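Okay, here's what each chain looks like letter by letter:
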Amino acid sequence: MPKEQQGLRTVQQLGQTYRVMMTAFSAQVGHALPRWRILLALHEEGRCSQKFLAERCRLDPASLTRQLQAMEGLGWISRSIDEQDNRLINATLTAQGKRVVDEALPRRAEFFEHALDGLSTKQMDVFYQVLATLEENFKTAQQAAQQSAS
């Protein structure tokens, strides 16, 4: 198979695998992956600005705001204006939000254990390297497209 076709097939498979992973993650862990990334960031970091969360979770600020509003409505987070810089809004987990995360963490661990079942440490290292290279190549392509559009 020519490299171009093999590359197209590989990138398409990556997209399909990611979509299946997101669906399976949501089903087993009980949270959609974007929401989970926010909850986990707040769990690990404590109080965070929305700007920090958008960068860490790789979410569009508008999408992040919608997620935070929904979680605030559920009583999982609270938001407040930053005392040092009133342009920033901080989010933090509530006691209920901490319980939600604590309940989901074992399901998340089980999900990843099952997902990686049958892969050796060497295979996971190679896979990680391949994914990191693809990410860099995608970033380079994005930067080139942005420069040519300017």
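Our subject in this report is the structure included herewith. It should be emphasised that the depicted structure is a prediction, and the values quoted were computed from it without experimental measurement.

The next point concerns the overall build of the chain. Within the chain, the secondary structure is distributed over six helices and three strands. Ordered by position in the sequence, the α and β elements of the chain form the string α-α-β-α-α-β-β-α-α. Over its C-alpha atoms the chain spans a radius of gyration of 19 Å, topping by over 25% the 15 Å that the globule rule assigns to 150 residues. Each principal axis of the C-alpha distribution contributes one length, and for the chain these read about 55 × 45 × 25 Å. Counting all 150 residues of the chain, 23% fall into the buried class. Put simply, of all contacts in the chain between residues at least 6 apart along the chain, 49% involve residues at least 24 apart. Working note: accessible area of the chain is about 10,600 Å², and carbon and sulfur atoms make up 54% of it. The chain carries 18 positive and 17 negative side-chain charges, and their two centres are separated by 4 Å.

Once that is clear, we can look at the packing of aromatic side chains. Two aromatic rings, taken as a pair, are described by how far apart their centres are and by the angle between their planes. Following the criterion strictly, the structure yields three aromatic pairs and no others. An angle of 85° between the planes, with centres 5.3 Å apart, marks the rings of Phe 25 and Phe 111 as edge-to-face. With a gap of 86 residues between them, Phe 25 in helix α1 (residues 3-29) and Phe 111 in helix α5 (residues 95-115) connect regions that are remote in the sequence. This pair shows no difference in class: Phe 25 is buried, exactly as Phe 111 is. Seen in terms of ring centroids, Phe 25 and Phe 112 are 6.1 Å apart; in terms of plane orientation they differ by 50°. Their pairing is tilted. Of this pair, Phe 25 sits in helix α1 while Phe 112 sits in helix α5, placing them 87 residues apart in sequence. In textbook terms, an aromatic cluster arises when at least three aromatic residues are bridged by ring pairs, as seen for Phe 25, Phe 111 and Phe 112.

Backbone phi values are negative for most residues with the exception of glycine, while trans is the configuration of most peptide bonds. A positive phi angle is found at Arg 58, which is not glycine, with a value near 55°. Structurally, Arg 58 can be placed in the loop between α3 (50-57) and α4 (61-73).

Below, the discussion takes up the packing of α1 against helix α2 (residues 33-45). Running from N to C, α1 and α2 cross one another at 65°; their axes reach a closest spacing of 9 Å. Taken together, the axes of α1 and α2 are roughly perpendicular relative to one another. Counting all contacts with α1, which are made through Tyr 18, Met 21, Met 22 and Phe 25, the residues of α2 involved are Leu 33, Pro 34, Trp 36 and Arg 37. Taken together, the residues of the contact of α1 with α2 sort by class into seven nonpolar, no polar and one charged.

Another aspect to go through is the nonpolar core. Side chains of nonpolar character tend, in soluble globular proteins, to be buried together. Among the nonpolar cores identified, the biggest contains 25 residues, and Ile 38, Leu 39, Leu 42, Leu 53, Leu 68 and Ile 77 are the most heavily contacted of them. Counting residues per element, the ones that place at least two in this core are α1, α2, α3, α4, β3 (89-93) and α5. In terms of residue count, α2 provides more of this core than any other element does, seven residues in total.

Turning our attention to the pairing of β3. On a regular strand, one side chain projects to one face of the sheet and the next to the other, so that they alternate. Bridging between strand β1 (residues 48-49) and β3 involves two bridges; their strand directions are antiparallel. The residue bridging Ser 49 from the neighbouring strand is Asn 90, located in β3. Here strand β2 (residues 77-81) pairs with β3 via five bridges, running antiparallel. When the bridges of β3 are listed, Ile 81 appears paired with Ile 89.

Each value, and the rule that gives it
Residues numbered from 1 in each chain as written. Predicted model: local features only at pLDDT ≥ 70, side-chain atom pairs only at ≥ 80, totals over all residues. Heavy atoms only, no water. Helix = DSSP H or I, 4+ residues; strand = E, 2+ residues; numbered from the N terminus. Rg over C-alpha atoms; globule rule 2.2 N^0.38 Å. Buried < 20%, exposed > 50% of the residue type's maximum accessible area, 1.4 Å probe, protein only. Contact = heavy atoms within 4.5 Å. Areas by Shrake-Rupley, 256 points an atom, 1.4 Å probe, with all protein chains shown as cover. Lys, Arg positive; Asp, Glu negative; His and termini not counted. Charge placed at Lys NZ, Arg CZ, Asp CG, Glu CD. Phe/Tyr/Trp six-rings, centres within 6.5 Å; stacked < 30°, edge-to-face > 60°. Axes fitted to C-alpha atoms, helices over the stretch in contact; angles between N-to-C directions. Parallel < 35°, antiparallel > 145°, perpendicular 65-115°, else oblique. Nonpolar A, V, L, I, M, F, W, Y, C, P; charged D, E, K, R; others polar. Core = buried A, V, L, I, M, F, W, Y, C linked by side-chain atoms within 4.5 Å. Pairing = 2+ DSSP bridges.

In short, shape yes, function no, at least from these values alone.
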